[in-house]
Amino acid sequence: MNTTFHLNSNELDEKFLKAVKTMFKGKKISIVIEDYQDETEYLTMSDANRDILEKRIKDVDDGKQTVKVNLDDL
């Protein structure tokens with residue numbers, strides 16, 4: 001069984017550990033900790049990328065730059 005938890009490090013407490021121990025009772029487990037970064041956050045780290053994304057969002061909101069696809073044609 002694989003389980004992924006997305007949480008703030010401040011939420012790591014004895015209650016969380018107890019829940020993990022209950023879920024995987026008696027089993028060997030691996031724990032991997034990595035920084036989680038939202039894709040939007042990553043894409044907006046650069047001023048240039050942020051400007052492009054904001055323009056694209058505005059274009060979509062204004063009805064520009066949209067592509068309509070008929071799923072039956074795929």
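Remember, predicted model here, so these are calculated numbers, not experimental data. (Residues numbered from 1 in each chain as written. Predicted model: local features only at pLDDT ≥ 70, side-chain atom pairs only at ≥ 80, totals over all residues. Heavy atoms only, no water.)

**Quick look at the confidence of the model for the chain**
When the pLDDT values of the chain are averaged, the result is 87; 99% of them are 70 or greater. Looking at the elements of the chain, mean pLDDT is at its lowest for helix 2 (residues 39-43), recorded as 78, and at its highest for helix 1 (residues 14-23), recorded as 93. (pLDDT = per-residue confidence, 0-100. Helix = DSSP H or I, 4+ residues; strand = E, 2+ residues; numbered from the N terminus.)

**Remarks on the layout of surface pockets**
What the largest pocket holds in volume is close to 920 Å³. In terms of lining residues, the largest pocket is bounded by 24 residues, among which Phe5, Leu7, Ile31, Val32 and Ile33 are the most central. Across the lining of the largest pocket, the residue classes break down as 13 nonpolar, 7 polar and 4 charged. (1 Å grid on protein atoms, 1.4 Å probe; cavity = no way out; pocket = protein on both sides within 12 Å on 5 of 7 lines; lining within 4 Å. Points joined across faces, edges and corners; volume = space filled by probe spheres on them. Nonpolar A, V, L, I, M, F, W, Y, C, P; charged D, E, K, R; others polar.)

**With respect to helix 3 (residues 47-61)**
With 15 residues, helix 3 extends 21 Å between its outermost C-alpha atoms, agreeing within 8% with the 21 Å of an ideal straight helix rising 1.5 Å per residue. The opening residue of helix 3 is Ser46, an N-cap whose side-chain oxygen sits 3.2 Å from the backbone nitrogen of Ala48. Phi turns positive one or two residues past the end of helix 3, at Gly63, with a value near 85 degrees. (Expected span 1.5 Å × (residues − 1). Polar contact = N/O pair within 3.5 Å; in protein donor to acceptor, adjacent residues only side chain to side chain.)

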